Each structure stands twice: as structure tokens, then as C-alpha cells.
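# An overview of the molecular structure
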Amino acid sequence: MLRCIQLAKNGLGTTYPNPLVGSVIVHNDIIIGEGWHYKAGQPHAEVNAIKSVENQGLLKEATIYVSLEPCSHFGKTPPCADLIIESGIKKVIVGSLDPNPKVAGRGIKKLMEAGCQVIVGILENKCDELNKRFFTIHQKKRPYIFLKWAQTIDGFIAPKTETRNETKPVWITNEFSRQLVHKMRSEEQAILVGTNTVLQDNPSLTAREWAGENPVRIVIDRDLKIPQDLSVFNASSTTIVINENETNTSENLDLEKIDFSKNIPQQICEILFRRNIQTVIIEGGAKTLQSFIDANLWDEAFVFNGAIGFGEGINAPNFKGVFISEEKIKDDTLRIFKNPNS
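Definitions and limits used
- Residues numbered from 1 in each chain as written.
- Predicted model: local features only at pLDDT ≥ 70, side-chain atom pairs only at ≥ 80, totals over all residues.
- Heavy atoms only, no water.
- Phe/Tyr/Trp six-rings, centres within 6.5 Å; stacked < 30°, edge-to-face > 60°.
- Helix = DSSP H or I, 4+ residues; strand = E, 2+ residues; numbered from the N terminus.
- Buried < 20%, exposed > 50% of the residue type's maximum accessible area, 1.4 Å probe, protein only.
- Lys NZ or Arg CZ within 6 Å of the ring centre and 35° of its normal.
- Contact = heavy atoms within 4.5 Å.
- Pairing = 2+ DSSP bridges.
- Axes fitted to C-alpha atoms, helices over the stretch in contact; angles between N-to-C directions.
- Salt bridge = Lys/Arg side-chain N within 4 Å of Asp/Glu carboxyl O.

### Remarks on the packing of aromatic side chains
- Tallied over the full model, the rule gives seven aromatic pairs.
- Arranged with centres 5.8 Å apart and planes meeting at 70°, the rings of Phe323 and Phe337 form a pair that is edge-to-face. Linking Phe323 in strand β16 (residues 322–329) with Phe337 in strand β17 (residues 332–338), this pair joins segments that are 14 residues apart in sequence.
- By relative accessible area, which is 43% here, Phe323 ends up partly exposed.
- Take Phe337: its relative accessible area is 15%, and that puts it in the buried class.
- An aromatic cluster is present here, built from Trp149, Trp298, Phe319, Phe323 and Phe337 joined pairwise through their rings.
- Directly above the aromatic system of Trp171 lies the positively charged group of Arg178, at a separation of 4.2 Å from the ring centroid.

### Considering the environment of Cys80
- As for its placement among the helices and strands, Cys80 is situated in helix α3 (residues 80–87).
- The class for Cys80 is buried, based on a relative accessible area of 2%.
- For the pair Cys80 and Val66, spaced 14 residues apart in sequence, the C-alpha to C-alpha distance is 11 Å.
- Not counting chain neighbours up to four residues away, the residues in contact with Cys80 comprise His44, Glu46, Val47, Pro70 and Cys71.

### Some points on the environment of Glu34
- Summarising the element assignment, Glu34 is placed in strand β2 (residues 30–36).
- The residues touching Glu34, leaving out its near neighbours within four places in the chain, are Arg3, Leu7, Ser23, Val24, Asn48, Ala49 and Ser52.

### A short note on the sheet that holds strand β14 (residues 300–305)
- The sheet built from ten strands is open, its strands ordered β11-β12-β10-β9-β8-β13-β6-β14-β17-β16 with mixed pairing. The open sheet terminates on both sides in strands that have one partner only, identified here as β11 (248–250) and β16. When the angles between neighbouring strand axes are averaged without regard to direction, this sheet yields 20°.
- Bridge count for strand β6 (residues 144–151) against β14 is six bridges, and the pairing is parallel. From the neighbouring strand, Ala150 faces β14, where its bridge partner is Phe304.

### With respect to the pattern of salt bridges
- Evaluation of the coordinates by the stated rule reveals 16 salt bridges.
- The residue Glu188 makes a salt bridge to Arg133 at a minimum N-O spacing of 2.8 Å. With Glu188 in the loop between α7 (175–187) and β8 (190–193) and Arg133 in helix α6 (residues 132–139), this pair connects stretches of sequence that are 55 residues apart. Summarising the burial analysis for this pair, Glu188 and Arg133 share the class buried.
- In this structure, the salt-bridge partner of Arg142 is Asp299, at a minimum N-O distance of 2.8 Å. One end of the pair, Arg142, is in the loop between α6 and β6; the other, Asp299, is in the loop between α10 (286–294) and β14, and 157 residues separate them in sequence. Asp299 carries the same exposure label as Arg142, and that label is buried.
- The structure contains a network of salt bridges with shared partners spanning Glu129, Lys132, Glu300 and Lys338.

Below, the structure is given as C-alpha cells:
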């Protein structure tokens, strides 16, 4: 099952809206086939694993391991449960049950009714963690939310606005930390910032320093005052603008109207759920980050601690999280926290 999880992670960033799934086929304690789900619309992990077995005659005596319950419905591809049955495999080991209402135990039931021995819950916690994004969108009806910011050694997220050099960006972290952020962007579906971040930094919010897809860009712009010639409106990706004036769709630009007198983060989550966006990085600024913290709408926080100090500036967000891990990135430190209440 650990190998299934390892294989499944190869699909991070490319399988949306589908989950990450890995599969291994074993005969007489020897792996004879393995596969993972590459991309939505392409064959699932079980299909790739079964097809990879050179001697198909061994399948009748083999055991298939899969990190997530085999699907039982027709989507863009046929049901994996049917293929397992047709292949003659009689023993199926499953990590997690699929929370998708279209599956949700039906795959297990179909296998058992066909005479397969099915064991469920092997390394279940690890398999659930693997698909935390997929599980959150189905169970909580919102995307999995990452908070991300960089702060100085004296706890500031940015210098005072009046002291900023408008022609030169202010970097708190080193180039290796910034590359890691681009890797993260390539793995998640969307990235969100507030109006001031766009006006002050003119970010493109792409994964240009890492191979992979650019995330959908989400900008909070209440009065639609951000100039259309800024980088967030280029053709690199779709941009969704959260505003209070209109809802409209055009090429690479969608306007979504909300009520700014109500819970803004909750309304944004509802929009992203409707669009089947499973994961979003809240990247700034301080006010936007704090609004999601105060609404208790976050799951993990990635806090990059740089080696410089500002002396004064805009304070980093105030939050309480469970410390998970720490990583040195040259002279920077990345600390990861989880929301104990999410």
C-alpha cells in the first residue's frame, strides 16, 4: 500500500478533478504490475496496473492493491471494478473508501457480489491524507485551503506602504524558497490574493519557475479598480475576480459577484465549490489571509521565515495552528502548521 501511495503522488497537479490513486498487483509476494492515474479522462490506476502485467494469466492468482476504492460508475472512463472482475483477480486490498456519492461503497459492493475477497482500510489514514483535497471538496463542500506567506525575522509580511520602492519588488525569502512556492502553485488548482497585493506587487501568480500547470487566479477586487493591463489578467491562466458589481464570463476572465457585507471567505468557498476547484492557496496580503483565519476557513499554513528584518511594517497574520514540520531552505526556514479545528 505504501507503494500505491508513492505511485499516486506522481499525479499531484494533473488529475483534478479526480483523486490521486496508485495501484500495485502482487503474485506470490512479487510485484508484477503497477500504475497510477495520470490525468482526468485518461485510464485510472487499476487499468494501468492491470495492463502493465506481462503475463495476464497470472491475474487469476494475484492480489490487487489500490489506495482508493475502485470506481463503479461510467464517467469519462469505464468502471474499474468491472475491469478487476473481468481480469479474474479475486483479492482486492483497498486503502480508503471513496467519498464521491457516485462511488461511496458501490465499488466494494460490486466486487464482493462478483465473488472477490475485499479488504478495506489498509493504511487508511495515509490514504486519506493522500487525497485530503478530494475528501474535503466532497465532505465539507469547499476546497482544501492552504495559507502561504513569507515573514521577516521580526515578524513583518511587508514593509510600510509609503516606504516601498514601486519599481523593485521586496523579497523576504531567497530564490530557492520562491522556486518551492512555484512548485506548490503547479500542484494546486487555484491561488487567491487581495486587491492591494495586485496593485502593489503586480504579481503574475503563475508557476513559471517550475514545470506544470498554472493555477486559476482569484483576485478580490470589490470595486473592479485593478487596471486590466496588470499581469494577473494576462493569458497565462484564467482569472476569477470577486467583486460586488457583476457576474460575467469572457475569455480568461470571469467576474463573480458577492455580498461584501457578509462572510467573504465563505462566499468565495461556495463559488470555488460550484466550480469544482478542490484546492486553493491564499497568498496575500495580510488582510486577506487574516480574513480566512478569522473565518476558520483554512487547513494548512506554509510560513516562510526569511533572514532579513524590516524594523517596522505590516504584521504577519495572527493564527493558532498545530506545528507539523520545519525545513531549512538555505538561510530561510519553512514551517508548516495544520488547523486543529478544520
